[in-house]
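If you want the building blocks of each chain, they are given just below.
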Amino acid sequence: MVCCAAWGCSNHSEKGVRMYGFPTDTERRKKWLAQVSRSNLTITKDHNNKKICETALNSLFEADMERVLDVKESPEGETSPGDCIDLTQDSPASSSKGNTAETKQKPSEKEDSKLSLITWNVDGLDIEDLPERARGLWSYLDSYTPDVVFLQELIPPYVKFLKKWAVSYTLIEGGDKGYFTGMMLKKSRVNLLQSEIVTYPTTQMMRNLLVAQVNFKGQNLCLMTSHFESCKSSAEERMKQLQLVMQRMTEAPDDITAVFGGDTNLRDTEVAKVGLPSGVGDVWERLGKREHCCYTWDTKYNDNKTVSYRAQCRFDRIYFRPAAREGVPRLAPDNMALLGLEKLDCGRYTSDHWGIYCTFSAE
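Here's a quick rundown of the structure. (Residues numbered from 1 in each chain as written. Predicted model: local features only at pLDDT ≥ 70, side-chain atom pairs only at ≥ 80, totals over all residues. Heavy atoms only, no water.)

Helix and strand counts for the protein chain come out as nine helices and 16 strands. Within the span of the protein chain, comprising 363 residues, buried residues form 53% of the whole. Sequence separation of at least 24 residues holds for 72% of the intrachain contacts in the protein chain that already meet a minimum separation of 6. Just so you have it, the protein chain exposes about 17,200 Å², and 47% of that area is on carbon and sulfur atoms. (Helix = DSSP H or I, 4+ residues; strand = E, 2+ residues; numbered from the N terminus. Buried < 20%, exposed > 50% of the residue type's maximum accessible area, 1.4 Å probe, protein only. Contact = heavy atoms within 4.5 Å. Areas by Shrake-Rupley, 256 points an atom, 1.4 Å probe, with all protein chains shown as cover.)

Spelled out as structure tokens, the structure:
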């Protein structure tokens, strides 16, 4: 039995509560211990059973986010359902673009007809500077105002933050314990018809597929996001998860455009073994395999994680299958860029992953 190391917490593994190990990085581990009132606790290789439960971890994150962001309840009736509260003053995204809520211009008819999408693993399990990094995410959402947002590695306090401030979006959660995925749909442009969570039968990491059927400006879309099994040793399970996603995409009715985005952890050799079905495309490949937006997990430039090696991987991917029925608009990708390349004031990036911004237009 593994007990929670947080002061005053009585949770343990036999209660079915998820337990998390302390960071291996010395400085990060000190911060965790201080925030659970156990600064005098020694964590060594001989004491690797010292862990913290998900309840204590979430309470720790939530208190920190409330403190740093100074989140206060809005007076009743003050915020309308279609408004977003601007948290982006002096944020790197808005200041570099000069594109705050006050300066945004009405898009042209051509631009307005495009579907815009962001997918991002936000690394919610990294406690260090989490509130500032959450604010960094929101600055990008406010700047780009995407129609659809796919998020991975969310935790409950992060979701609470998004629900409080992203009031112009419908938020769909892929779970409510530990870490999970989520989907945000702009209420003014994307109408949610139904959603479901599809469990991967053989996952060892509680991973699933979040699916939403929506209507975007008269077009029916099937939107999907997931966080595939992690680590090199999980290749077989990862390929099974890719096969399930491809099956869902190909089985979608021919009047529907299917779009999947997420942290796939895929290696190119694994994709080659599974193969992409006819009609399904990889957005990055379709747009010419541009080198500057290839690697989304890049320890050569992103130092949020302390690792002893350099890795450049295209873990985060977007796949699409356009509608095939005659007379139905065929959406195709026309732009892709990486987000989160600027460091925040805290000296870290929004996540250890770069985000992906993508737009689709009718052919």
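On to the nonpolar core. The nonpolar side chains of a soluble globular protein tend to be buried, and buried together. Formed by 37 residues in total, the largest nonpolar core has its most connected members in Trp120, Leu137, Leu151, Leu154, Tyr158, Leu162 and Met184. Within the residue set of this core, elements represented by two or more residues are β1 (19–21), β2 (51–53), β3 (115–121), α5 (130–144), β4 (148–154), α6 (156–165), β5 (169–173) and β6 (180–186). Not counting the four nearest positions on each side in its chain, leucine 151 is found in contact with Trp120, Val122, Leu137, Leu162, Phe180, Thr181, Gly182 and Met184. In terms of nonpolar packing, the next biggest core, distinct from the first, is built from 30 residues, Phe216, Leu221, Leu331 and Cys358 among them. (Core = buried A, V, L, I, M, F, W, Y, C linked by side-chain atoms within 4.5 Å.)

What follows is about empty space enclosed by the protein. The final tally for this structure, using the stated rule, is two cavities of 30 Å³ or more. Volume-wise, the second largest cavity comes out at about 30 Å³. Taken together, Asp282, Val283, Trp284, Asp316, Arg317, Ile318, Met336 and Ile356 make up the lining of the second largest cavity. Elements with a contribution of two residues or more to the lining of the second largest cavity: α9 (283–286) and β14 (316–321). Looking at side-chain class alone, the lining of the second largest cavity contains five nonpolar, no polar and three charged residues. (1 Å grid on protein atoms, 1.4 Å probe; cavity = no way out; pocket = protein on both sides within 12 Å on 5 of 7 lines; lining within 4 Å. Points joined across faces, edges and corners; volume = space filled by probe spheres on them. Nonpolar A, V, L, I, M, F, W, Y, C, P; charged D, E, K, R; others polar.)

Attention now moves to unusual backbone geometry. A positive phi angle, close to 55°, is found at aspartate 129, a residue other than glycine. With respect to the helices, strands and loops of the structure, aspartate 129 is situated in the loop between β3 and α5.

Time to look at the pairing of strand β16 (residues 355–362). With respect to burial, β16 is a largely interior element, six of its eight residues being buried. Two elements, β3 and β16, share five bridges in a ladder whose sense is antiparallel. Looking across to β16, one finds that threonine 119 is bridged to isoleucine 356. As paired elements, strand β15 (residues 331–339) and β16 share eight bridges and run antiparallel to each other. Bridge pairing in β16 places alanine 337 opposite tyrosine 357. (Pairing = 2+ DSSP bridges.)

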